[in-house]
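# Overview (structure and organization)
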Amino acid sequence: MYHGIYVRRPFTLVPGPDEVSMEFRRIENLPPYVFATVDALKMRLRRAGEDVIDLGFGNPDIPSPEIAVEKLCESARIPRNHRYSASRGIPKLRKAVTDLYLRRFGVELDPDREAIVTIGAKEGLAHLLWVLAQPGDGVLVPTPSYPIHQFAPVLAGASVTQVPLGPHVRDFFENLEEAFRRAWPRPRVIVTSFPHNPTTYCVDLVFWERLVDFARENEVVLVHDFAYADVYFDGYKPPSILEVPGATDVAVELYTLTKSFSMAGWRVGFLVGNAEIIAALQKLKSYLDYGTFQPIQVASIVAMNEASDYPKVVRDIYRARRDALCDGLERIGWTDVERPQGTMFVWAPVPDGFDKLGSLEFAVELIEDAKVAVSPGVGFGPGGDGYVRFALVENEQRIKQALRGIRGFLESRA
Ligand SMILES: Cc1ncc(COP(=O)(O)O)c(C=O)c1O
């Protein structure tokens, strides 16, 4: 039942109903934001003077490349850069990302037809799903997942079928095939993202080859969010779906500067791949926005072209933090935590003895007692409860401090 707010208008010049229904049907199906509980606690504790170590929100703390910051300042002083820009992104920026794809993945793309700039991967994905799906359409999405993967199709009015994913899953492709057969309405779109947030699940090129074949046979569109393209470790290197020959017939991929270049606040991402889908998103975006502030676009070109070694700098920092956290968790007896091969997260099962609490209650007790914020797995959808996600967004010293707090908490409850 809807419990909305009703505003009584005391006076109006225009004849009409004297009660306006504040009913927001499009967002009605969005559940309350689970992470808000831990966030609110964090704020309360900090206001009370506590030093909370925040490993919850995946908000990168590593500075953006200096050369990009300098270019941003310089371009911001040029008045012609203050005007509306191009909603699909300026040509040199689209060329910079297609050059990056050629260098990094050996994938050749046409910057005019096969690349468009988005306001980060998140906006790109949300509006892409408006273009690809509508009420009556089905979309397959892994669960648990980054929330917008589930809710972009919901906002488009489509029906979501969830596909189980996680450390316990032996062959995710089999799960996908089975979910596809079961799903009604028949899915038109499959959303994936590997290395995966939050589970850190990774795939190889063979997986993409199977999926591209499957998409061709079953006439589905593949959307791959490649947010962690450059955050990988231990000899593993995540392939782009577009490395599969002919993948652009059925697939599009989101690439973003957020994690690779630690440029989260700049809001620069791209959709690359199938030209018809790019054109469709371009049409929608031409109604919605005038493009990112041009100095940001100019500085992003410099980041990709002149700071191409920066993703390695970022990766090395995350690897050291991952090792500090995983080694530490093992030492204090929080076992069964997989060392991720990709992403900036550690996906840890709620420790033995606490499993009955569920991930939200565990996260609440952890922040209250150990002063360490983590994301409860339940917030990422079915299959997530039973886990918490650590984001590697504090330095090694702070991670070690967090581990001391966690050890104290675990020992006090033993
Ligand atoms: C899987 C995934 N996609 C997209 C994003 C957001 O990317 P952007 O900042 O480019 O919108 C994140 C951020 O955490 C993410 O984990």
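Every residue gets a number counted from 1 within its own chain, in the order that chain's sequence is written. Local features in this predicted model are restricted to residues whose pLDDT is 70 or higher, and side-chain atom pairs enter the listing and the counts only when it is 80 or higher, whereas totals over whole chains, interfaces and linings include all residues. As a rule here, side-chain values come from all non-hydrogen atoms in the structure, and water together with hydrogens is ignored.

The subject of this paragraph is the overall build of the chain. Secondary structure summary: the chain contains 13 helices and 14 strands in total. Atoms counted for the radius of gyration: C-alpha only. Globule rule: 2.2 Å times residue count to the power 0.38. Scaling as 2.2 N^0.38, a compact globule of 414 residues should have a C-alpha radius of gyration of about 22 Å, and the chain matches this with 22 Å. The cut-offs for exposure are 20% and 50% of the maximum accessible area for each residue type, with area from a 1.4 Å probe on protein chains only; residues under the lower value are buried, those over the upper are exposed, and the others partly exposed. Counting all 414 residues of the chain, 56% fall into the buried class. A sequence separation of at least 24 residues applies to 74% of the contacts in the chain between residues at least 6 apart. The helix count covers DSSP runs of H or I at least four residues long, the strand count covers runs of E at least two residues long, and both are numbered beginning at the N terminus. Here, two residues are considered to be in contact whenever any of their heavy atoms come within 4.5 Å of each other.

Right, let's talk about the sheet that holds strand 7 (residues 187-192) for a bit. With respect to topology, seven strands assemble into an open sheet ordered 4-10-9-8-7-5-6, the strand pairing being mixed. Pairing within the sheet leaves two strands with one partner each, and these edge strands are strand 4 (115-118) and strand 6 (159-164). Going across the sheet, the axis of each strand differs from the next one's by a mean of 20°, ignoring polarity. Pairing of strand 7 with strand 8 (residues 221-225), which is carried by four bridges, proceeds in the parallel orientation. Paired with Val191 across the strands is Val223, a residue of strand 8. Here, axes are lines fitted to C-alpha atoms. For helices the fit covers the stretch in contact, and angles between N-to-C directions go from 0 to 180 degrees. Against the sheet, helix 3 (residues 91-105) contacts strand 4, strand 9 (251-256) and strand 10 (269-273), and its axis sits at roughly 115° relative to strand 4. When DSSP locates at least two bridges between a pair of strands, those strands are taken to pair.

Computed over the protein atoms alone on a 1 Å grid, cavities are sets of points where a 1.4 Å probe fits but cannot get out and pockets are open sets with protein on both sides within 12 Å along at least five of seven lines; a residue lines them when it has an atom within 4 Å of a point. Grid points are joined across faces, edges and corners, and a volume is the space filled by probe spheres set on the points. In this structure, the largest pocket occupies an estimated 1,000 Å³ of space. Looking at the largest pocket, it is lined by 47 residues, and the ones nearest its centre are Tyr33, Phe57, Lys122, Tyr146 and Pro147. Of all the secondary structure elements, the ones that give two or more residues to the lining of the largest pocket are helix 1 (35-47), helix 4 (120-132), helix 5 (147-155), helix 8 (257-260) and strand 13 (375-376). A total of six residues in the lining of the largest pocket trace back to one element, the largest contributor, which is helix 5. A per-class count over the lining of the largest pocket returns 25 nonpolar, 14 polar and eight charged. Domain start and stop positions are those given by an automatic or database domain assignment. Two domains each provide a minimum of three residues to the lining of the largest pocket, namely domain 1 (32-58 + 311-413) and domain 2 (66-306). The volume enclosed by the second largest pocket comes to roughly 190 Å³. Forming the boundary of the second largest pocket are 13 residues, of which Leu100, Arg104, Asp230, Ser308 and Pro311 lie nearest the centre. Where the lining of the second largest pocket is concerned, the elements lending two or more residues are helix 3 and helix 11 (310-331). Amino acids are sorted into nonpolar (Ala, Val, Leu, Ile, Met, Phe, Trp, Tyr, Cys and Pro), charged (Asp, Glu, Lys and Arg) and polar (every other residue, Gly among them). Among the residues forming the lining of the second largest pocket, the class breakdown is five nonpolar, one polar and seven charged.

The subject of this paragraph is the sheet that holds strand 11 (residues 345-349). Reading across the sheet, the three strands line up as 11-14-13 and stay open at both edges, with antiparallel pairing between neighbours. Where the open sheet ends on each side, the last strands, each with one partner, are strand 11 and strand 13. Judged from the two bridges that link them, strand 13 and strand 14 (residues 387-391) form a sheet pairing that is antiparallel. Bridging across to strand 14, Pro376 finds its partner in Val388.

How big an interface is tends to be stated in terms of the accessible area lost upon association of its parts. The domain boundaries assigned to the chain delineate domain 1 (32-58 + 311-413) and domain 2 (66-306). Computed over C-alpha atoms only, the centres of domain 1 and domain 2 are separated by 27 Å. In this description, buried area is defined as the sum, over both parts, of the accessible area (probe of 1.4 Å) that is lost when the two are combined. Here domain 1 packs against domain 2, burying approximately 2,300 Å² in sum over the two surfaces, 62% of which is carbon and sulfur. When residues of domain 1 are sorted by the area they lose upon contact with domain 2, Arg315, Gln341 and Thr343 head the list and together hold 28% of the total. The working definition used for a salt bridge is a side-chain nitrogen of Lys or Arg within 4 Å of a carboxyl oxygen of Asp or Glu. For the pair domain 1 and domain 2, the number of links is one salt bridge. Any pair of nitrogen or oxygen atoms within 3.5 Å is treated as a polar contact; in protein, a donor-acceptor pairing is required on top of that, and neighbouring residues in sequence qualify only through side-chain atoms on both sides. Along the contact surface separating domain 1 from domain 2 lie eight residue pairs in polar contact (both at pLDDT 80 or more). Looking at the side of domain 1 that touches domain 2, the elements with two or more residues in it are helix 11, strand 11 and strand 14. Take the side of domain 1 that touches domain 2: its biggest share by element is six residues, from helix 11. A class-by-class count of the residues in the side of domain 1 that touches domain 2 yields 11 nonpolar, eight polar and five charged.

Our next topic: the site of the ligand. Any residue with a heavy atom positioned within 4 Å of a molecule or strand is treated as near that molecule or strand. Taken together, 13 residues are adjacent to the ligand, and Ala121, Asp225, Tyr228, Thr256 and Thr258 come closest. Here Asn197 contributes a side-chain N or O atom positioned 2.7 Å from an oxygen atom of the ligand. Measuring from an oxygen atom of the ligand, one finds a side-chain N or O atom of Lys259 at 2.8 Å. Here the ligand loses 93% of its free accessible area of 390 Å² to cover by the protein chains. At the level of elements, helix 4 and helix 8 are the ones that each hand at least two residues to the shell around the ligand. Using a 1.4 Å probe, the Shrake-Rupley method yields the accessible areas, and only the shown protein chains count as cover for residues.

Glancing now at the environment of Ala152. Within the secondary structure, Ala152 sits in helix 5. With relative accessibility at 1%, the residue Ala152 sits in the buried group. Counting along the chain gives 144 residues from Ala152 to Ile296, while the straight-line C-alpha distance between them is 26 Å. Setting aside its immediate chain neighbours within four residues, Ala152 contacts Leu125, Ala126 and Leu129.

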